[in-house]
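Tertiary structure, described
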Amino acid sequence: MGLTYGYDIYLRPRNVARALANLAELAPPSRGVPPLELTLPGGERLVLPFTSHFKSEPVDCSTSSTLGLDTSIMFDVDDVLREYAETGGPEPEADGRIQIGYVYLTIRFQSFLHPRYASMEFWAATSGMSRLFARSVRVREVFTGLSAASGGVCCLFDTGDGGPEQVCWLNGETTQEMISGPRFPDRRALVATWPDPGQ
């Protein structure tokens, strides 16, 4: 089993549609798959340039607690991504962005950390991509930027091993603090800083 690093974004459930629309803007300009029709809890409908379990059939989440998507995201190139391209990864596009492969997304409409918040959990598909998630400033900026644009309250970098996560976005500010550190001795202390999800 390889590395499974990811970024987890926490947001109010009503902001999930906006987050998915923002995510769609990060997709490659052309993809060889049909668009995916999605119905969210509450009935809101979206058309996305992704697949769900590698299929493009319509997905109705109106009675589901989770949604799985196979996304493809474009990242601005930095030194880490340039090195990845030079050692067998995909070449950067003409606009200076690069597509590094599938990024798996699990949306939980009731997150594990707070049932009145949703979570968007982005996981790298390979160990090589996991290392990019850990090292690339541009990759991190995509996920903190998505948190900001979508009204997220928190973004965590998660190494998927059950160990402490790193907080990289919290209530409108970038940060680099570990859960189990002095500010956040545990996840409960982190969640206590989030605003009331009804506000």
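Residues numbered from 1 in each chain as written. Predicted model: local features only at pLDDT ≥ 70, side-chain atom pairs only at ≥ 80, totals over all residues. Heavy atoms only, no water.

1. Thoughts on the layout of surface pockets
To locate leftover empty space, one rolls a probe as large as a water molecule over the atoms. Of the voids in this model, the largest pocket is the one considered here, and its volume is about 170 Å³. Along its surface, the largest pocket is lined by Asp8, Tyr10, Arg108, Phe112, Leu113, Glu121, Trp123, Leu156, Asp158, Glu165 and Arg187. Elements supplying a minimum of two residues to the lining of the largest pocket: strand E1 (6–11), strand E7 (118–124) and strand E8 (154–158). Looking at side-chain class alone, the lining of the largest pocket contains five nonpolar, no polar and six charged residues. (1 Å grid on protein atoms, 1.4 Å probe; cavity = no way out; pocket = protein on both sides within 12 Å on 5 of 7 lines; lining within 4 Å. Points joined across faces, edges and corners; volume = space filled by probe spheres on them. Helix = DSSP H or I, 4+ residues; strand = E, 2+ residues; numbered from the N terminus. Nonpolar A, V, L, I, M, F, W, Y, C, P; charged D, E, K, R; others polar.)

2. With respect to the sheet that holds strand E3 (residues 45–48)
Taken in spatial order, the three strands line up as E3-E2-E4 in an open sheet, and their pairing is mixed. Of all strands in the sheet, those with a lone pairing partner are E3 and strand E4 (59–60), marking the two edges. Note: strand E2 (residues 36–39) against E3, four bridges, orientation antiparallel. Within the sheet, the bridge partner assigned to Leu38 lies in E3 and is Leu46. (Pairing = 2+ DSSP bridges.)

3. A closer look at a nonpolar patch on the surface
A surface patch of nonpolar side chains, about 280 Å² in accessible area, is lined by Phe54, Tyr102 and Tyr104. Topologically, Phe54 is positioned in the loop between E3 and E4. The class for Phe54 is partly exposed, based on a relative accessible area of 47%. (Patch = residues over 30% accessible without salt bridge, like charges linked within 9 Å, V, L, I, M, F, W, Y side chains within 5 Å. Areas by Shrake-Rupley, 256 points an atom, 1.4 Å probe, with all protein chains shown as cover. Salt bridge = Lys/Arg side-chain N within 4 Å of Asp/Glu carboxyl O. Buried < 20%, exposed > 50% of the residue type's maximum accessible area, 1.4 Å probe, protein only.)

4. Digging into the pairing of E8
By the criterion of burial, E8 is predominantly enclosed, with five of the five residues buried. Going residue by residue along E8, you find Cys154, Leu156 and Asp158 tucked away on one face and Cys155 and Phe157 tucked away on the opposite face as well. Where E1 and E8 come together, five bridges link them in antiparallel fashion. Bridged to Tyr7 within E8 is Phe157. Bridge count between E8 and strand E9 (residues 166–170): four bridges; the pairing is antiparallel. Bridging from a neighbouring strand, Cys155 pairs with Trp169 of E9.

5. Here we look at the pairing of E7
Among the seven residues that make up E7, six are buried, leaving the element largely enclosed by the rest of the structure. With six bridges connecting them, E1 and E7 associate as antiparallel partners. Bridging across to E7, Asp8 finds its partner in Glu121. Direction of pairing for strand E6 (residues 97–108) relative to E7: antiparallel, over a ladder of six bridges. Bridging across to E7, Leu105 finds its partner in Phe122.

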